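# Structural characterization, general
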Amino acid sequence: MDALVRVRGLTKIYRLDGQQTVALQDVDLDIGAGEFTAIAGPSGSGKSTLLHLIGGLDHPTAGEVWLEDQRIDRLDHNQLAELRLRSFGFVFQAFNLIPVLSALENAAFVLELRGVPRAEREQTARAALSDLGIGELWRRRPNQLSGGQQQRVAVARAHAAAPRMILADEPTANLDGATGIALIDEMRHLNQEHGVTFVVATHDPRLLERVRRIVYLEDGRIVRDEGRAS
Amino acid sequence: MLVLAWRNIWRHRTRSLGAAVAVGFVVWMSVLYFGLVGAMRDGMYVTLTDTVGHVQVHIREYRDVRDFRQSVITGAADVRVRIEQTLPGTEVAAALEVPALLSGEDRARGALLAGMEQPAAVREEFATKYLKTGRLPAPEDLDGIALGTALARTLQADVGDTVYAFAPGTDGTGASAYTVVGLVRFPEPSQDARGAILSLPAAQDLAAPGAVSRFELHLPQFRRTLDDSGLLPLREQLQAALGERMIVETWRESYPALSDLERSLRPLIIVFLTIFFVLAGLLVVNTIYLSVIERTREFGVIIAMGARRGRVTRMVLAESLVLCATGAAAGLLLGLPLVARMARGFSYPFGWSEIVEAYGMPAVMYASIAPEEIAITLAFAIGVGLLAALWPARVAGRLAPVEAMRFVA
């Protein structure tokens, strides 16, 4: 299978006040379309940094990131913004919904950024919320939703835009046990039923038990890449 | 985007309300200020045009002619008929200014005798403002004269005394004796030292039978500065009817200094508006900047999802514009009805009317605001909204998504 994302020799060094911190070092990785991949490792191992570089949120210090046949690590701010808008969905640990928008408006936000007409984007967003099992909560603002419901809205926001890949950074870290497992199941359902490609940075064992492939990072290097049947 | 902007500005109600109220107050004050200045400008306009007329007719090149005989419009009765036929409904006044030697019992002085024929109301107002003692000569009075107070002192003449005038005339030198019927305190010292008032027939008898120096046309439909541009087509029409021998001028052309005085009011108000709006703008800057700082994470997420810098910048600008537009709308809603009420007539309280009158303004004034003045006020409010948000918007637009999402307010 051709890789959807290819990473070659990826290195990221942060410099602050004359100090250098190597977050990623010479990482090679291929992720195929339709995969559900977990990036695992202890805190500070470079999981989030790898996710950010794959998603075009940051520029690497060295190395290459390819999205199919497009090299994306050299794109400028606006080109990267356009790429993220069209190709990636993001889910963050802290949910990061827009508090003044309803669940439906949050789920439709990326489509609004793309300029999709209102009726169309609301229909798509409603379907995405329903896929995540929270269709009836579409009117509620984030502060009227539980943590699990908010994270579902965040996944629906990423899913509604039908990106080529959803990148999730510690999506279950702020959720209790049952809620976390339910969210993982929802994401697996999207992966299996809708073919959505997921790359999830996590050290949550509940999630790691349920994914097909786990890439282990330590000190910015890949130490193990396990393919696993779910 | 506007819905999002509207919701965002009400996240911190007190702070946003404070900024919106500041903008609204400045807009309200500006509308009121424009209305009051409009009242003052129209008051000046009425006073000026009542005094000198809206349009004047002179002999062509009257400013350069030195010979009295060439400076007057002869056959004035025919000219008056043509004026009245061309512009029916116009009140036509005439004046004949005669340079003369004026002599008392012991002293003599060069003087400018003004033979005046004015509408009754203008004449009455002039008397109220400037007559010190006695009265003005009656319209058909051939013997009475009113002297400037300084001229009377020079001639050692008082009410009831006789003075003698010698003047170059169109038919040779004229001479006549007059009884002083009143003393006038002219506002200009030079005028007070040389000026005297006769009836028009008396001045014509003395120097130029059937002639006038100028006609002053009072057009009762022009009572507001805003209508003033309507004088130009009437001037053209009258010029065509009177021919090349005469020149028709609007009051602005005849008295450019008075016109400049009236026009100087608007730049003054623009200066005040700028100061008021800058102060309100500082509040808006504070509100928008704090709002951007508090939402750094949120902007980081929006940028991460694919919003371009320009989009984020526009989001912040939209918030500031919505905030200022809300304040401006409230200011207009409160200010315009007040100006409309005052447009029906108002007097200054606490005895200020007397002060205003002392400066030649009417006691009852009428507030007036032009559409472009409302537009200027709104443009200021929108300008403040844009300028105040430029810097915070730039800050938001240039956020790096990863750093922004790590930000803790």
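Here is what the cut-offs are and how they apply
- Residues numbered from 1 in each chain as written.
- Chains lettered and ligands numbered in written order.
- Predicted model: local features only at pLDDT ≥ 70, side-chain atom pairs only at ≥ 80, totals over all residues.
- Helix = DSSP H or I, 4+ residues; strand = E, 2+ residues; numbered from the N terminus.
- Rg over C-alpha atoms; globule rule 2.2 N^0.38 Å.
- Buried ≥ 20, exposed ≤ 12 C-beta atoms within 10 Å, placed from the backbone.
- Pairing = 2+ DSSP bridges.
- Axes fitted to C-alpha atoms, helices over the stretch in contact; angles between N-to-C directions.
- Parallel < 35°, antiparallel > 145°, perpendicular 65-115°, else oblique.
- Left-handed = near helix turned anticlockwise from the far one by under 90°.
- Contact = placed C-beta atoms within 7 Å.
- Nonpolar A, V, L, I, M, F, W, Y, C, P; charged D, E, K, R; others polar.
- pLDDT = per-residue confidence, 0-100.
- Expected span 1.5 Å × (residues − 1).
- Arc of directions from axis to C-beta.
- Core = buried A, V, L, I, M, F, W, Y, C linked by C-beta atoms within 7 Å.

Secondary structure summary: chain A contains eight helices and 10 strands in total. Taking 2.2 N^0.38 as the reference for a compact globule, 230 residues should give roughly 17 Å; the C-alpha atoms of chain A span a radius of gyration of 17 Å, in line with that estimate. With respect to the principal axes defined by its C-alpha atoms, chain A has extents near 45 × 40 × 40 Å. Taken over 230 residues, chain A has a buried fraction of 49%.

The next thing to look at is the sheet that holds strand β3 (residues 36–40) of chain A. Residues and elements named next belong to chain A. Taken together, the six strands give an open sheet; going across it, the order is β6-β7-β8-β3-β9-β10, and neighbouring strands pair in mixed fashion. With one partner strand each, in any of the chains shown, β6 (88–91) and β10 (221–227) form the two edges of the open sheet. Looking at each pair of strands side by side, their axes are set apart by 15° on average, direction ignored. Taken together, the six bridges between strand β9 (residues 213–218) and β10 define a ladder with antiparallel strand orientation.

Residues and elements named next belong to chain B. Among the five residues of strand β1 (residues 55–59), four are classified as buried, and the element is accordingly described as predominantly covered. Where β1 lies against strand β9 (residues 214–218), four bridges are found, and the strand directions are antiparallel. Each residue of the ladder has a partner; that of Q56, found in β9, is E216. Of the strand pairs in this sheet, β1 and strand β10 (residues 246–250) are connected by five bridges, and their pairing is antiparallel. Residue pairing across strands places I59 opposite M246, the latter belonging to β10.

This part is about the packing of helix α11 (residues 265–294) of chain B against helix α15 (residues 371–397) of chain B. All names here are of chain B. Contact geometry for α11 and α15: axes closest at 8 Å, N-to-C directions at 30°. Considering the angle they form, α11 stands roughly parallel to α15. In the crossing of α11 with α15, the sense of the turn from one axis to the other is right-handed. On the side of α11, the interface is formed by L273, F277, A280, G281, V284, V285, I288, Y289 and V292, while α15 contributes F380, V384, G385, L387, A388, A389, P392, V395 and A396. Its residues assigned to classes, the contact of α11 with α15 shows 16 nonpolar, two polar and no charged.

On to the interface of chain A and chain B, then. If you look at the interface, chain A gives 17 residues, while chain B gives 18 residues. Looking at the side of chain A that touches chain B, the elements with two or more residues in it are α2 (77–87) and α4 (109–113) of chain A. In terms of residue count, the dominant contributor to the side of chain A that touches chain B is α2(A) (six residues). Taken together, the residues of the side of chain A that touches chain B break down into 10 nonpolar, four polar and three charged.

Time to look at the confidence of the model for chain B. Residue and element names in this part refer to chain B. Of all residues in chain B, 99% have pLDDT values of 70 or greater, and the mean over the chain is 87. By mean pLDDT, helix α14 (residues 352–358) is the weakest element of chain B at 72, and strand β5 (residues 144–148) is the strongest at 95. Scored by ipTM, the complex comes to 0.91, with pTM at 0.72.

Residues and elements named next belong to chain B. The end-to-end C-alpha separation of helix α8 (residues 231–242) is 16 Å, in line with the 16 Å expected for 12 residues at 1.5 Å each. Buried residues of α8: L231, L234, R235 and L238, and no others. For α8, the buried positions fall inside an angular range of 100° around the axis, keeping them on one side. Exposed residues lying more than 90 degrees from the buried face of α8 are L232, P233, E236 and A240. Buried residues belonging to α8 abut β1, α3 (76–86) and β10. Among the residues trailing α8, G243 stands out with phi positive, at a value near 80°.

Grouped together as the largest cluster of nonpolar side chains are 124 residues, with contacts concentrated most on I39(A), A107(A), L129(A), V23(B) and V284(B). At 12 residues, helix α13 (residues 309–342) of chain B tops the list of elements feeding residues into this core. Ignoring anything within four residues of it in the chain, the contact list for V284(B) reads A19(B), V23(B), S320(B), L323(B), C324(B), V384(B), G385(B) and A388(B). Counting residues in each nonpolar core, the second largest holds 51 residues, with V72(B), M116(B), V184(B) and L200(B) among its members.

Residues and elements named next belong to chain B. In terms of burial, strand β8 (residues 195–199) is a largely internal element, five of the five residues being buried. Of the two faces of β8, the one carrying G195, I197 and S199 and the one carrying A196 and L198 are both buried. In the sheet, strand β3 (residues 108–117) pairs with β8 via five bridges, with the strands oriented parallel. Note that in β8 the partner of M116 across the bridge is S199. Bridging between β5 and β8 involves two bridges; their strand directions are antiparallel. Counterpart to L147 in the pairing with β8 is A196.

The next subject is the sheet that holds strand β1 (residues 3–16) of chain A. All names here are of chain A. Within the open sheet, the four strands sit side by side as β2-β1-β4-β5. Their pairing is antiparallel. Of all the strands in the sheet, the pair left with one neighbour each is β2 (19–32) and β5 (70–71). The pairing of strand β4 (residues 62–67) with β5 spans two bridges and is antiparallel. Paired with L67 across the bridge in β5 is Q70.

Turning to the packing of α3(B) against α8(B), a few remarks are in order. All names here are of chain B. One way to put it is that α3 packs onto α8 with a least axis distance of 10 Å and a crossing angle of 140°. Compared by their axis directions, α3 and α8 come out oblique. Crossing angle aside, the handedness with which α3 passes α8 is right-handed. Across from V79, R82, I83 and T86 in α3, the residues of α8 making contact are Q237, L238, A241 and L242.

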